[in-house]
Amino acid sequence: MALFEAKNLSAGYENGFVIENISFSLKEGEFISILGRNGSGKSTLIKALQGLLKNVSGQVRVDEKNIFLLKSRQIAKKIAYVPQIFSYSFEFSVLEIIHMGRYIHQGRLGGTSSLDSRKIEEVMNLTEISHLREKKIAHLSGGERQRVFIARALAQDTPLLFLDEPSSHLDISYQVEIYQILKRLQKEKGKTIFTTEHNINLAIPYSEKIMFLKGGKVQAVGPPKKLITRENIKKVFQADVEIRENIHSRLPEISLIHKPEEKA
Amino acid sequence: MKAKRLRLFFLLLVLLISGFLISLLVGPVKTNFSDLWDFLFNNDKIFSLIFIDLRLSRALLAFLVGASLSLSGAILQGYFQNPMAGPFVVGVSSGASFGAVLSIYLGLTIQVIGFSLQTIFAFFSGFAIVSLVYLLSQRKGVFKVETLLLTGIAAGAMASSLTSFLIFLKSESYQQAVFWLLGSFHLSDWNQITAVFPYFILCFFVAQWLAKDMNLLALGDETAQSLGCPVNRVRKIFLTISTFLAASSVSVCGIIGFVGLIVPHWVRILIGPDHRHLFFFSSLTGGIFLLYSDLLARTLLFPIELPIGIITAAVGAPFFIYLLNQRR
């Protein structure tokens, strides 16, 4: 049975749909990455799937329930979200930010329960940010901040975890680190993970499934081994690449072809 | 943080009690501690008028208005995600003042204990201004702080000019214009307290009820919603109560600028941005701030009374400039 399912989903903003006719499903514990060029509709898709957009048609179901009929509170019990752009207007500390992830588990006037504290410690250990707890969020590096926001999403304690380009703004070592944390969450905690990504090589070893998005439409869905081909990359990204095998993972990997400059 | 809050609380408590005591003792009629003693324990009738009806009501009103404006400011700063917002800066106060003067101009000033037409007028015109400012400072869904502040100031100036126009048409008294544009407590009585107190208490409890939601809004609307916050409803409620707080204040004592801007900002620096504590401490600090400002307004050029807006602007405007500079 599918934990999460989209059927003929179209969505967008005031001036029309950006993504059209998207259908796919996620089983419990799966890791899927959405790949596509800038402007292909990745962020729109990840928002629409959680009911954050108003202009939608089609169906999205989580645990067989229609997401467009659920209250934000009910959706937040199923899906946690790490957005691509973090805004933080005031000087909240790391601990305060992670506490916000417990919102749905607390009463409006209620304080922090022992379960809350336990969960918060657990997610800080998982993401290795315990030493940063008193720091103000604005004083952290990009990688640290990304881990804090992942920890906040984990504190929400949901079966599904959605991340919008978790590797953007990060340097190479942090990119790998973030994906390793995600993989561990999938393996150890049984989380179902949905990410959008434009770094193809980064997504390949971690995802069971990838989905190519182009011009707001699904081009292909399947395991990376099958989908990562010269022709598909050309079709989706308009880029000429070679495909080779990564010597460690034995999985396909793309390498860019540098064209010599054309003479005028 | 907890120890910090406790220390601040005791400091504020001491300031509050001494502020009320000084307010009771200072006034046109010379009084001292023994008069207050006489009144309290020997039931002196003359002093009852001075202490209770004149001075206590005034001190209480100053406190309540300060608390309302600061709470309104704390809410608006959270609402606009910006520490430079406030009921005066975004134009709510000026809008509300116009509404109050308009209701007087039209002769609609019925009051039934705590529920006055003047406050309703003030509320709707204040609400109209803040909604207008909000819509105008959004460009293609992107919200710019500079635009917000400039639009707010322009809309406020517009409303103030309309207010002045109405006053000019209706009355020859220069005093009235000063009252509405610069604020004063010299008309305070118990009736006015009943026109502010219920709104303050109600709005304070609503704000406290939704304080966690306000914290979530600091992460952006989409993130707040994904964390389970009913963003649209919460935003509507906060805008309504912050306008009500400003409108009820303005309709009893005119525009008192900058209180709602500097107090919450200063409190946030001291105890952090958590709105569960910020709302309470802003209200308390704002009340004390206006209590002392009013004392200054009454005594600085004694026996002449200064409009209190002069005092708060003299303190607040430099602070505002300091904040603007800090942003760079």
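Residues numbered from 1 in each chain as written. Chains lettered and ligands numbered in written order. Predicted model: local features only at pLDDT ≥ 70, side-chain atom pairs only at ≥ 80, totals over all residues. Heavy atoms only, no water.

### Observations regarding the overall build of chain B
Counting its secondary structure elements, chain B contains 14 helices and four strands. Here the C-alpha atoms of chain B give a radius of gyration of 20 Å, agreeing with the 20 Å that 2.2 N^0.38 yields for 328 residues. In terms of overall dimensions, chain B has a C-alpha envelope of 65 × 55 × 40 Å along the principal axes. By residue count, 56% of the 328 residues in chain B fall in the buried class. A fraction of 75% describes how many contacts in chain B between residues 6 or more apart in sequence connect residues 24 or more apart. (Helix = DSSP H or I, 4+ residues; strand = E, 2+ residues; numbered from the N terminus. Rg over C-alpha atoms; globule rule 2.2 N^0.38 Å. Buried < 20%, exposed > 50% of the residue type's maximum accessible area, 1.4 Å probe, protein only. Contact = heavy atoms within 4.5 Å.)

### A short note on the pairing of strand β8 (residues 192-197) of chain A
All names here are of chain A. Taken across its six residues, β8 has six buried, putting it largely inside the fold. The two faces of β8 match: Thr192, Phe194 and Thr196 on one face and Ile193, Thr195 and Glu197 on the other face are all buried. Where strand β3 (residues 31-36) lies against β8, five bridges are found, and the strand directions are parallel. Counterpart to Ile34 in the pairing with β8 is Thr196. Sheet topology places strand β7 (residues 160-164) next to β8; five bridges connect them, and they run parallel. (Pairing = 2+ DSSP bridges.)

### Description of the sheet that holds β8 of chain A
Backbone-to-backbone hydrogen bonds join strands into a sheet, with any given pair of strands oriented parallel or antiparallel. Residue and element names in this part refer to chain A. Reading across the sheet, the six strands line up as β6-β7-β8-β3-β9-β10 and stay open at both edges, with mixed pairing between neighbours. Looking along the sheet, the strands with just one partner apiece sit at the ends: β6 (79-82) and β10 (217-222). Strand-to-strand twist in this sheet, taken as the mean axis angle between neighbours without regard to direction, amounts to 15 degrees. Sheet contacts for helix α6 (residues 172-189): β3, β7 and β8; angle to β8, the most-contacted strand, approximately 155 degrees. Sitting on the sheet, helix α9 (residues 230-237) touches β3, β9 (209-214) and β10, and the angle it makes with β9 is about 40 degrees. (Axes fitted to C-alpha atoms, helices over the stretch in contact; angles between N-to-C directions.)

### With respect to the packing of aromatic side chains
Residues and elements named next belong to chain B. For the structure on display, the rule yields 24 aromatic pairs over all chains. Residues Tyr79 and Phe80 carry aromatic rings whose centres are separated by 5.1 Å and whose planes lie at 75 degrees to one another, so their mutual orientation is edge-to-face. The same class applies to Tyr79 as to Phe80, namely buried. Through a chain of ring-to-ring contacts, three or more aromatic side chains come together here, namely Phe123, Phe124, Phe127, Tyr199 and Phe244. The residue whose ring lies beneath Arg235 is Tyr79, and the NZ or CZ to ring-centre distance is 4.7 Å. (Phe/Tyr/Trp six-rings, centres within 6.5 Å; stacked < 30°, edge-to-face > 60°. Lys NZ or Arg CZ within 6 Å of the ring centre and 35° of its normal.)

### Observations concerning a nonpolar patch on the surface
Residues and elements named next belong to chain B. Together, Leu6, Phe10, Leu13, Ile17, Leu21, Ile22 and Phe33 line one region of the surface with nonpolar side chains, adding up to about 640 Å² of accessible area. A per-element tally of the nonpolar patch places helix α1 (residues 2-25) first, with six residues. Along the chain, Ile22 turns up in helix α1. (Patch = residues over 30% accessible without salt bridge, like charges linked within 9 Å, V, L, I, M, F, W, Y side chains within 5 Å. Areas by Shrake-Rupley, 256 points an atom, 1.4 Å probe, with all protein chains shown as cover. Salt bridge = Lys/Arg side-chain N within 4 Å of Asp/Glu carboxyl O.)

### So, the side chain of Lys209 of chain A
All names here are of chain A. By the element assignment, Lys209 lies in strand β9. Polar contacts involving the side chain of Lys209 include one to the main-chain carbonyl oxygen of Ser25, which spans 3.1 Å. When neighbours within four sequence positions are excluded, Lys209 is seen to be in contact with Ser25, Glu30, Phe31, Ile32, Ser33, Val221, Gly222, Pro223 and Pro224. (Polar contact = N/O pair within 3.5 Å; in protein donor to acceptor, adjacent residues only side chain to side chain.)

### Topic: the pattern of salt bridges
Scanning the entire structure with this criterion turns up 20 salt bridges over all chains. Here Arg102 of chain A ties to Asp116 of chain A by a salt bridge, and the two come within 2.9 Å at their closest N and O atoms. Of this pair, Arg102 of chain A sits in the loop between α3 (94-100) and α4 (114-126) while Asp116 of chain A sits in helix α4, and the two are 14 residues apart along the sequence. With relative accessibility at 2%, the residue Asp116 of chain A sits in the buried group. Between Asp157 of chain A and Lys119 of chain A there is a salt bridge, with the nearest N and O atoms lying 3.6 Å from each other. On the criterion of sequence distance, the pair formed by Asp157 of chain A in the loop between α5 (142-155) and β7 and Lys119 of chain A in helix α4 is long-range, its members being 38 residues apart. According to the relative accessible area criterion, Asp157 of chain A is partly exposed, its value standing at 34%. What you see here is one network of salt bridges that share partners, running through Arg58, Asp294, Arg298 and Glu305 of chain B.

### Brief notes about unusual backbone geometry
Cis geometry is adopted by the peptide bond preceding Pro303 of chain B, which originates at Phe302 of chain B and carries an omega value of 10 degrees. Relative to the helices and strands, Pro303 of chain B is located in the loop between α13 (275-299) and α14 (308-326). Not every positive phi belongs to a glycine, and Asp157 of chain A is a case in point at roughly 60 degrees.

### Side note on the pairing of β7 of chain A
Along β7 of chain A, five of the five residues are buried, which leaves the element largely enclosed by surrounding structure. Handedness of the β-α-β unit built from β7 of chain A, α6 of chain A and β8 of chain A comes out right-handed. (Right-handed = clockwise from strand over helix to strand, strands pointing away.)

### Remarks on the sheet that holds strand β5 (residues 65-66) of chain A
All names here are of chain A. Here we have four strands laid out as an open sheet, ordered β2-β1-β4-β5, and antiparallel in their pairing. A strand with exactly one partner marks an edge of an open sheet, and here the two such strands are β2 (16-26) and β5. For strand β4 (residues 55-62) and β5, the ladder comprises two bridges, and the chain directions are antiparallel. Residue pairing in the sheet places Arg61 in a bridge with Asn66 of β5.

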